[in-house]
Amino acid sequence: MLKNYFKIAIAVLKRRKFFTFISLFGISFTLTVLIVLTAFIDKVVGDDYPDKKRDRSLYITSIEEIGKDSHSSSPPSYYFLNRYAASLKTPEKITLFSGFSGTNTYINNKKIAINYKYTDANYWEILEYKFLEGKPYTRQQIDNGERVAVISADMKKEYFGDVASVVGKYIEADNIKYKVSGVVKNLPITSYLLYSDIYLPFTVAKRDYKHKAYLGDCMAILLAPSKRDVSKMHTEYEQVVSKVPMENGQFTSIFSHASSYIEGYVDTGNEKSSGVTIALSVIGGFVFLFMLLPTLNLVNINITRIMERSSEIGVRKAFGASSRTLVYQFIVENIILTLLGGLIGIVLSLIALYLINNANLIPNLDLTINFTVLFCGLLVCLIFGLLSGVYPAWRMSKLNVVTALKAQ
Amino acid sequence: MIRLQNIEKVYRTDTIETLALNSISLDVEKGEFLSIMGPSGCGKSTLLNIMGLLDAPSKGDVRIDDQTTQHLSDKQLANFRNQKLGFIFQSYHLINDLQVLDNVELPLLYRNTTAKQRKLLASEALAKVGLTNRIKHFPTQLSGGQRQRVAIARAIVGRPEIILADEPTGNLDSAMGNEIMEILMQLNKEDGTTIVMVTHDENMANKTHRLVRLFDGAQVQ
Ligand SMILES: Nc1ncnc2c1ncn2[C@@H]1O[C@H](COP(=O)(O)OP(=O)(O)O)[C@@H](O)[C@H]1O
Ligand SMILES: [Mg+2]
């Protein structure tokens, strides 16, 4: 039976070359975009370099103060985190670090942009940066306020050129020279919590990083001794934050959470709207809209295509096909079509990903198709095939035999 | 074999009502070869479609093999047609995307058969209509007479007791028409298949057992 469906499906596809092309193009193009999108999301959110201990880490990335007429939110300050997060009992280790900021530097009269970030010593212990050479700066060096730096492989290349080793050499940023202590593997800017070109000890910051204010430019990662302790760690921080005294009379409540990587990544800094919900609805809505159009298009094409075959429908019914059998046949045909489109889509995606990776649109973001992405893609195709096939199939199966035979 | 009682068929469109069949009662015996004649638009096709359970009458009862067919579901009707009836149409209604053999196998797809059985039965049916050497052709590669022979093979492949033919020779020249008529007569004689045929050709009608004439939806002979 299936073999017969396959035969007729292929015959029909070959006969209506233009329709087939439009359908296949619609499906494969949609799928390509979805696959590239999922590959992107998967990479951005799923790549665990360098925070490999993500499953037992919580991230504090924002603080929000709300008063009657005022509302402010930003990353917390070093002062706040040092006072309220660093004193938690549950975490095995805690690191505080700043967000990245940009500055310029000159080398051979050429201006280059440098992003820098301040960290403590625990940063290099919690996060597993891959050192291509050298090592992180030590607690001792930080306490001494030594001007040392860890730099990214890209920065090394841009600043020093193609040289074997740069450990011990000096790199200048903001008119200050730092001695390079190590070079780490690049990470893409989409990992914006941890991304930087050069990493510096807090103690060399020009600004007073210990300034007493709640809002600032710092983040923290809390590392639990085991996965089981993560929720306990979360609760402990909630309790501590609930007891934090108001910064001034202007505010009546303070919110700050220790959240998982994903929640932290999409945090909006607004207590009333969850970043995850927003991100999911945005992505969901996009995917839905993006699939809706080709689906409608396909439904339309399918109706035309099926109605063209009304004589066939009439004949099949006259010789014993029930409406249900026909619905089944047309859905199978449509799934064959969409799966074909799916295969083309996958090939196109591979090409698209290859091109994107090669064009280096986002440096160091190496997109790949993985099993999840592929599975989602094929699932999408299947849903696609069902959605666009069921309605036309149902409509034509209701066709009266005599009417179907008359229409030519 | 087929018993029609007080059959009425009314077509309603937005503006007019057509009474296509007006109180027709007709018995077709087992093994009979019956022809139906009448001017264009008098309701011949409508009558044949009602006999073949392709269309429901507005009033009246259709009995086939002493079985009333009024309350059968879509699935039961489909099954009934598949088991008992074979159709031949004026314009052949072959599926152009399928080869001759696949066209002939079609009724068997809706039964419990293996691919091998289907192929065997379809080849036999094609042999009966003298088309053994065309099984890999597509319908568009055949002449009108050949196409109608494929259609006959399709109608008999499931060994139905009844064949309903609506102007089977209407699109063919007289030589080809006679060939088709020979095949039908042979089926009737050798296999005892009951045949009801609509025709415009007096000569052909004369070759059958009985002739029914319609005029304006009513039986006049
Ligand atoms: N689907 C339909 N809707 C409305 N009127 C129809 C329909 N089918 C047939 N008729 C009318 O019913 C009458 C009988 O048609 P038909 O059985 O096809 O005649 P015949 O086959 O004898 O030429 C004609 O007047 C025709 O116009
Ligand atoms: Mg007619």
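As the structure is a prediction and not an experimental result, all values here were calculated from the model. (Residues numbered from 1 in each chain as written. Chains lettered and ligands numbered in written order. Predicted model: local features only at pLDDT ≥ 70, side-chain atom pairs only at ≥ 80, totals over all residues. Heavy atoms only, no water.)

As a further point, take the confidence of the model for chain B. In low-pLDDT segments, the atomic positions of the prediction should not be examined closely. Summary statistics for chain B give a mean pLDDT of 93 and a share of 100% for residues scoring 70 or more. The ipTM for the predicted assembly is 0.95, set against a pTM of 0.70. (pLDDT = per-residue confidence, 0-100.)

A separate point is the pairing of strand 2 (residues 63-67) of chain A. All names here are of chain A. Of all five residues in strand 2, five are buried, a share of seventy percent or more. Side-chain alternation along strand 2 places Ile-63, Glu-65 and Gly-67 on one buried face and Glu-64 and Ile-66 on a second face that is also buried. Bridge analysis of strand 2 against strand 3 (residues 71-74) gives four bridges, and the strand direction is antiparallel. Within the sheet, the bridge partner assigned to Glu-64 lies in strand 3 and is Ser-73. The antiparallel hairpin formed by strand 2 and strand 3 contains three residues in its connecting segment. Summarising the sheet, strand 2 and strand 13 (residues 251-256) pair through five bridges and their orientation is antiparallel. Within strand 13, the position partnered with Ile-66 by the bridge is Ser-253. (Buried < 20%, exposed > 50% of the residue type's maximum accessible area, 1.4 Å probe, protein only. Helix = DSSP H or I, 4+ residues; strand = E, 2+ residues; numbered from the N terminus. Pairing = 2+ DSSP bridges.)

We now examine the site of ligand 1. In the vicinity of ligand 1, the contacting residues are Lys406(A), Tyr11(B), Thr18(B), Ala20(B), Ser40(B), Gly41(B), Cys42(B), Gly43(B), Lys44(B), Ser45(B) and Thr46(B). Positioned at a junction of chains, ligand 1 has nearby residues supplied by chains A and B. Residue Cys42(B) places a main-chain N or O atom 3.3 Å away from an oxygen atom belonging to ligand 1. The separation between an oxygen atom of ligand 1 and a polar side-chain atom of Thr46(B) is 2.4 Å. Protein chains shield 66% of the accessible area of ligand 1, which is 560 Å² for the free molecule. At a threshold of 2 Å from the grid points, most atoms of ligand 1 map onto the largest pocket. Listing elements by their share of the shell around ligand 1, those giving two or more residues are strand 2 (17-28) and helix 1 (44-51) of chain B. Here the shell around ligand 1 gets three residues from one element, more than from any other, and that element is helix 1 of chain B. Grouping the amino acids of the shell around ligand 1 by side-chain chemistry returns three nonpolar, six polar and two charged. (Near = heavy atom within 4 Å. Polar contact = N/O pair within 3.5 Å; in protein donor to acceptor, adjacent residues only side chain to side chain. Areas by Shrake-Rupley, 256 points an atom, 1.4 Å probe, with all protein chains shown as cover. 1 Å grid on protein atoms, 1.4 Å probe; cavity = no way out; pocket = protein on both sides within 12 Å on 5 of 7 lines; lining within 4 Å. Sits in = over half its atoms within 2 Å of the grid points. Nonpolar A, V, L, I, M, F, W, Y, C, P; charged D, E, K, R; others polar.)

Bringing the pattern of salt bridges into the picture now. Here the structure, examined in full by the defined rule, presents 24 salt bridges over all chains. Between Arg118(B) and Glu105(B) there is a salt bridge; the shortest N-O distance is 3.7 Å. Of this pair, Arg118(B) sits in helix 4 (residues 115-128) while Glu105(B) is found in helix 3 (residues 100-109), placing the two residues 13 residues apart along the sequence. By the burial criterion, Arg118(B) is buried, and Glu105(B) matches it. Glu179(B) is the partner of Arg149(B) in a salt bridge, and the nearest nitrogen-oxygen pair spans 3.8 Å. Separated by 30 residues along the polypeptide, Arg149(B) in helix 5 (residues 144-156) and Glu179(B) in helix 6 (residues 174-191) bring together distant segments of the chain. Note on Glu179(B): relative accessible area 40%, which makes it partly exposed. Connected via shared salt-bridge partners are Arg309(A), Glu312(A), Arg316(A) and Glu333(A). (Salt bridge = Lys/Arg side-chain N within 4 Å of Asp/Glu carboxyl O.)

Looking now at empty space enclosed by the protein. Residues and elements named next belong to chain A. Under the counting rule described, the total for this entry stands at six cavities of 30 Å³ or more. Of the pockets and cavities examined, the largest cavity occupies roughly 60 Å³. Taken together, Asn-302, Arg-305, Ile-306, Arg-309, Phe-330, Glu-333, Asn-334 and Gly-389 make up the full set of residues lining the largest cavity. Listed by contribution, the elements that provide at least two residues to the lining of the largest cavity are helix 9 (275-308) and helix 11 (323-359). Of the residues contributing to the lining of the largest cavity, the split by class is two nonpolar, three polar and three charged. (Points joined across faces, edges and corners; volume = space filled by probe spheres on them.)

Turning our attention to the environment of Leu72(B). When you line up the elements, Leu72(B) lands in the loop between strand 5 (67-68) and helix 2 (74-84). Apart from the residues lying within four places of it in its own chain, the contact partners of Leu72(B) are Leu77(B) and Phe80(B). (Contact = heavy atoms within 4.5 Å.)

Another aspect to go through is the environment of Met291(A). Residues and elements named next belong to chain A. With respect to the helices and strands, the residue Met-291 is situated in helix 9. Along the primary structure Met-291 and Phe-384 are separated by 93 residues, whereas in three dimensions their C-alpha atoms are 7.9 Å apart. Residues within four places of Met-291 in sequence aside, it is in contact with Thr-30, Leu-34, Val-380 and Phe-384.

Residue and element names in this part refer to chain A. Counted at 1.5 Å a residue, the expected span for helix 7 (residues 230-242) with its 13 residues is 18 Å, and the 19 Å between its end C-alpha atoms agrees. Residues Val-230, Met-233, Glu-236, Tyr-237 and Val-241 constitute the buried set of helix 7. Down the axis of helix 7, the sector holding all buried residues measures 130°, keeping them to one side. Residues Lys-232 and Ser-242 are exposed on helix 7 and point more than 90 degrees away from its buried face. Against the buried residues of helix 7 lie strand 1 (57-60), helix 3 (78-85), strand 12 (218-223) and strand 13. (Expected span 1.5 Å × (residues − 1). Arc of directions from axis to C-beta.)

Residue and element names in this part refer to chain A. What the domain assignment lists for chain A is domain 1 (2-47 + 276-406) and domain 2 (62-258). Computed over C-alpha atoms only, the centres of domain 1 and domain 2 are separated by 47 Å. For the pairing of domain 1 and domain 2, the buried interface totals around 470 Å² over both sides, and the portion due to carbon and sulfur atoms is 58%. Among the residues of domain 1 in contact with domain 2, Val-44, Ile-362 and Asn-364 are the three that bury the most area, contributing 72% of the side total. Linking domain 1 to domain 2 there are zero salt bridges. Our enumeration of links across domain 1 and domain 2 arrives at zero residue pairs in polar contact (both at pLDDT 80 or more). When grouped by side-chain class, the residues that make up the side of domain 1 that touches domain 2 number five nonpolar, one polar and no charged. (Domains from an automatic or database assignment. Buried area = accessible area lost by both parts, 1.4 Å probe.)

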